[in-house]
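As a plain string of letters, each chain reads:
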Amino acid sequence: MRTLWRIIAGLFRWGWRVREFILNLFLIVLILAGVGIWLQVSGSSSSEPVQQGALKVDLTGVLVDKPSVSNRLSRIGRQLLGSNSDRLQENSLFDVVDAIRQAKGDKNITGIVLDLRDFGGGDQPSLQYVGKALREFRDSGKPVYAIGDNYSQAQYYLASYANKIYLSPQGTVDLHGFATNGLYYKTLLDKLKVNSHVFRVGTYKSAVEPFLRDDMSPEARDADSRWIGQLWQNYLNTVSANRQITPEQLFPGAAGIISGLQAVQGDTAKYALNSKLVDALESRAVADQEMIKTFGWDKQNNDYRNVSIYDYTVKQPPTQQDGNIAVVMASGAIMDGEETAGNVGGDTTAAQIRDARLDPKIKAIILRVNSPGGSVTASEAIREELAAAHAAGKPVVVSMGGMAASGGYWISTPADYIVANPSTLTGSIGIFGVINTVENSLSTIGVHTDGVATSPLADVATTKALPPEVQQLMQLTIENGYRNFVGLVAASRHKTPEQINDIAQGHVWTGSDAKANGLVDALGDFDDAVKKAAELAKITTPQLSWYQDDPGMLDLLLNQMSASASAIMPQALKVWLPAPMLDVMSAMKQQPGLFDNLNDPQNRYAFCLNCGNVNPK
C-alpha cells in the first residue's frame, strides 16, 4: 500500500510540474507577444532627451560591425532581464557612430561625456571610425569630456579625442603596446597520440602551425612583427596628434616610462599628467561637479543632465524598400551553411547579395568585410554571387574593417573598388587543410578499427590511419585551390599570377602595405566606400539598405540563458580546477576559428588565425 501511495503521489507531483511548465510557457508567450507589440510601437516613434544636457557615451563591452543581438533588442533585454556589466556586450559600430552624428545636430545635446570604465575595446579601424565621429562633434563647437578612474589602451584611444581628459588621482593610463599570443598543441597532440595531417601552400600560411609546432616559425614571427608594429605606430600617431604631443612623448618606451615613474616616485597619475596624457587629476565626484556646472542638474536622477547612448533614440535608417545602395555584412569566420551568431554563413550571405542583385531599386552594393576567412567552399559561394552582381552591371564596393584576410579577401575579389583602413589586416592569400586521426590514441586503450573498402579513397575515418592516396589527393586539391585563389586575385587586380604569388603565400599585410602592393584601391573608412558606390552608380542622394537578418526576442532570451550559464559554470569549476588550467581554457576560447569553425566539406580553409590573436587592450 505504501508503494501504491508513493506512485500516486509521484503522479500528482509530476502532473503539478507539467501544469507549472505549461503556465510558465504561456506567460512567456504572452510576454513575447507584448514585447513584440511594444517594439512595433516604439520602433515607429522617435524620442529625444526631455531636457538639454550631455550624451553620455557609457559603452559597455566591445565594438563590432554586426552584434549577435540587435541594439534595440539589447535595450529591451536590459529592461526585462536586467543589466550585467560583467557580461561582454556587443555594440554596433554603426549604431554608435550614427548616435554621435545625430547628437551633433541635436539642439538638446550640448556636449558629450565619455564614461568608458566598462568599455572593452574594438579593432583599430572601428575605434578610428568612432573617433572620426567624435572629432566631427567637437568641430561643431560642442565639447567632449572624458572621465575615468583608469584608461586601457582602447579606452584611451577614444578619450584622446576629448577636449579635456579627467583621471582619478589614484589612476593610470595603461600604455604598453600590442602583442600576439596563440596556443600551440604539437606536444599535446603527440602525448594524446593524435595524428594531424596538414596540407598547405604558402611560406607564411601560419594558421596550421599550432598543429605542427610548439612555437612560431621564423617566417611567421617576421611577418607578424611587421604588421603588429605598424598597428602600434598607427595608434601612437593618431593619439599623439589628438593630444598635440609627439609619439615619443606619448610612449617613450619601457625604459622611458620607468624613468618617468621614478621621477614621481611611482605615482602613475602624476606621470600621466606630467606627460600631458591627461588634463586634470580629479576624483569622479569632483569631475561630476564640473559636469553639473557645464550641463546643469537633473533633480530626478540626482546627476548632471545627460542621456545614455543606450537610451538615446536615433532616427531609423530607410527600410530595404527605400534604399538604393545595399549594404551586406560579412562579419566573423566564414562557415558553410546558414549564418550563426558571430559567424558568416556562406548560404545566408550569398542569398542576401542575390536579393540585392535582383532588386531593381538597388543600384550598387557595398560588401562590408570584417573576417579572418574560413571555409573555401563558403567563400566561393559568396564570391560567385558578388561576381554575378558585378556582371549584372551593379557596382560593387568592398569596405574592409579590422580584418579582411584569407577568405575575407577571397570574397572581395569581384569588387570594382576596395577601400581599406591603414590598420586593416588583409592579404593572407593561401589555403590549408587539416585532418586529425586518433587511431594511435584508441590503440593505447585497446580499441581498433578494421573493415573493407572498394577503394583507398573510401577508407577514410578519424579512427583509422589516413591512406597515402587520400593524403596525395588532399595536397593536390589544396595546391589547386591556391592556384585558383592567386588566379582570382590576379584577374581582379589586373596583375599576373606570378606578381600575386610574390605577395601571397599566406603573408598578412596591413591596409597601408596592401595599398602599396596593389591589393586595395584606396585607404579610408566606410564613409569613403559609400561615396565611391554612389559615384560609380551615379547616385546623387545615397540611401543605404542594410541587408541583414536581425535576431529575434527568442535569440535574446537564449543568448541571455547561455550567458548566465557560462557565467555560473566557471565560478563552480574554480573550486575544482587549478588557476593555470582555467587560464588555458580561457585562452583556447579566445583563439578563434581553430576548432568550431572548421566545417568545409572538402576540408579546405582560407583562414588567418593570427589575425584574431592580437591583443590591443
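Up top you'll find the structure we're talking about.
Since we're looking at a predicted model, the values are computed, not measured.

A. A look at the pairing of strand β4 (residues 109-115). The element β4 is largely enclosed, with a buried count of 6 among its 7 residues. In the sheet, strand β1 (residues 53-57) pairs with β4 via 5 bridges, with the strands oriented parallel. For L55, the partnering residue across the bridge sits in β4 and is I112. Judged from the 4 bridges that link them, β4 and strand β6 (residues 144-148) form a sheet pairing that is parallel. Looking at the pairing, V113 lines up with Y145 of β6.

B. Spotlight on the environment of Y417. Structurally, Y417 is set in strand β20 (residues 417-420). Taking the C-alpha atoms as reference points, Y417 and A522, 105 residues apart in sequence, are found 8.1 Å from one another. Dropping the residues within four chain positions of it, Y417 is found in contact with V396, V397, V398, D521, A522, K532 and L536.

C. View of the packing of helix α13 (residues 346-358) against helix α14 (residues 376-391). Where α13 meets α14, the closest approach of the two axes is 8 Å, and the angle between their N-to-C directions is 5 degrees. With respect to α14, the axis of α13 lies roughly parallel. For the pair α13 and α14, the contacting residues are G346, T349, A350, I353, R354 and R357 in the first and A378, A381, I382, E385, L386, A388 and A389 in the second. Class assignment of the residues belonging to the contact of α13 with α14 gives a composition of 8 nonpolar, 2 polar and 3 charged.

D. Spatial organisation of helix α8 (residues 218-243). With 26 residues, α8 should reach 38 Å at 1.5 Å per residue; the first-to-last C-alpha distance of 37 Å fits that figure. Q244 lies just past α8 and shows a positive phi near 60 degrees.

E. Broad picture of the pattern of salt bridges. Counted by the stated rule, this structure contains 21 salt bridges. Of the charged contacts, one joins D459 and K464 as a salt bridge, the two residues approaching to 2.6 Å between their closest N and O atoms. Each of R101, K132, E136, D525 and D527 takes part in a single network of salt bridges with overlapping partners.

F. Inspection of the sheet that holds strand β13 (residues 306-308) at higher detail. Across the sheet, 6 strands lie side by side as β10-β7-β6-β4-β1-β13; this open sheet has parallel pairing. Single-partner strands in this sheet number two, and they are β10 (280-281) and β13. Docked against the sheet, helix α4 (residues 124-139) engages β4 and β6, running at close to 145 degrees with respect to β4.

G. Structural detail: unusual backbone geometry. Here the phi dihedral of Q244 falls at roughly 60 degrees; this positive angle occurs in a residue that is not glycine. Examined against the element boundaries, Q244 turns out to sit in the loop between α8 and α9 (247-250). The phi dihedral of K276 falls on the positive side, at around 65 degrees, and the residue is not glycine. You can see K276 is positioned in the loop between α11 (268-274) and β10. Among the residues examined, K276 registers a relative accessible area of 51% and is labelled exposed.

H. A look at empty space enclosed by the protein. Here the structure, examined in full by the defined rule, presents 4 cavities of 30 Å³ or more. Lining the largest cavity, in full, are L93, P125, Y129, R368, M400, G401, N421, G524, D525 and F526. Broken down by secondary-structure element, the contributors of at least two residues to the lining of the largest cavity are α4 and β19 (396-405). A breakdown of the residues in the lining of the largest cavity according to their chemical character gives 5 nonpolar, 3 polar and 2 charged.

I. Expanded view of the side chain of N91. As for its position among the elements, N91 is in strand β3 (residues 90-92). A polar side-chain atom of N91 sits 2.9 Å from the main-chain carbonyl oxygen of T60. Once residues within four sequence positions are removed from consideration, N91 is found in contact with L59, T60, G61, V62, L63, V64, P67, V96 and Y310.

J. Fine view of the nonpolar core. In terms of nonpolar packing, the biggest core is built from 79 residues, with L55, I112, V130, Y156, V173, Y235 and L277 touching the most fellow members. Contact partners of Y156, with chain neighbours within four places excluded, come to Y151, I165, V173, L175, Y235, V239, R243, L250 and L277. Formed by 49 residues, the second largest nonpolar core is a distinct cluster that contains I334, V376, W410 and I411.

K. Representation of the environment of Q543 in the model. Relative to the helices and strands, Q543 is located in the loop between α20 (526-537) and β25 (544-547). Overall, Q543 belongs to the partly exposed group, its relative accessible area being 30%. Considering only alpha carbons, one finds Q543 and N324, 219 residues apart in sequence, at a separation of 5.4 Å.

L. Expanded view of the sheet that holds strand β5 (residues 119-121). On the basis of which strands lie adjacent, the open sheet formed by 3 strands has the order β3-β2-β5 and parallel pairing. If you trace the sheet from one side to the other, it starts and ends with β3 and β5, each paired once. On average, each strand axis in the sheet is tilted by 40 degrees relative to the strand beside it, whichever way the strands run. The pairing of strand β2 (residues 61-64) with β5 spans 2 bridges and is classified as parallel. Looking at the pairing, V62 lines up with G121 of β5. Strands β2 and β3 of the sheet are contacted by helix α3 (residues 93-104), whose axis makes an angle of about 55 degrees with β3.

What counts, and where the lines are drawn
Residues numbered from 1 in each chain as written. Predicted model: local features only at pLDDT ≥ 70, side-chain atom pairs only at ≥ 80, totals over all residues. Heavy atoms only, no water. Buried < 20%, exposed > 50% of the residue type's maximum accessible area, 1.4 Å probe, protein only. Helix = DSSP H or I, 4+ residues; strand = E, 2+ residues; numbered from the N terminus. Pairing = 2+ DSSP bridges. Contact = heavy atoms within 4.5 Å. Axes fitted to C-alpha atoms, helices over the stretch in contact; angles between N-to-C directions. Parallel < 35°, antiparallel > 145°, perpendicular 65-115°, else oblique. Nonpolar A, V, L, I, M, F, W, Y, C, P; charged D, E, K, R; others polar. Expected span 1.5 Å × (residues − 1). Salt bridge = Lys/Arg side-chain N within 4 Å of Asp/Glu carboxyl O. 1 Å grid on protein atoms, 1.4 Å probe; cavity = no way out; pocket = protein on both sides within 12 Å on 5 of 7 lines; lining within 4 Å. Points joined across faces, edges and corners; volume = space filled by probe spheres on them. Polar contact = N/O pair within 3.5 Å; in protein donor to acceptor, adjacent residues only side chain to side chain. Core = buried A, V, L, I, M, F, W, Y, C linked by side-chain atoms within 4.5 Å.

Keep in mind these numbers describe shape, not what the thing actually does.
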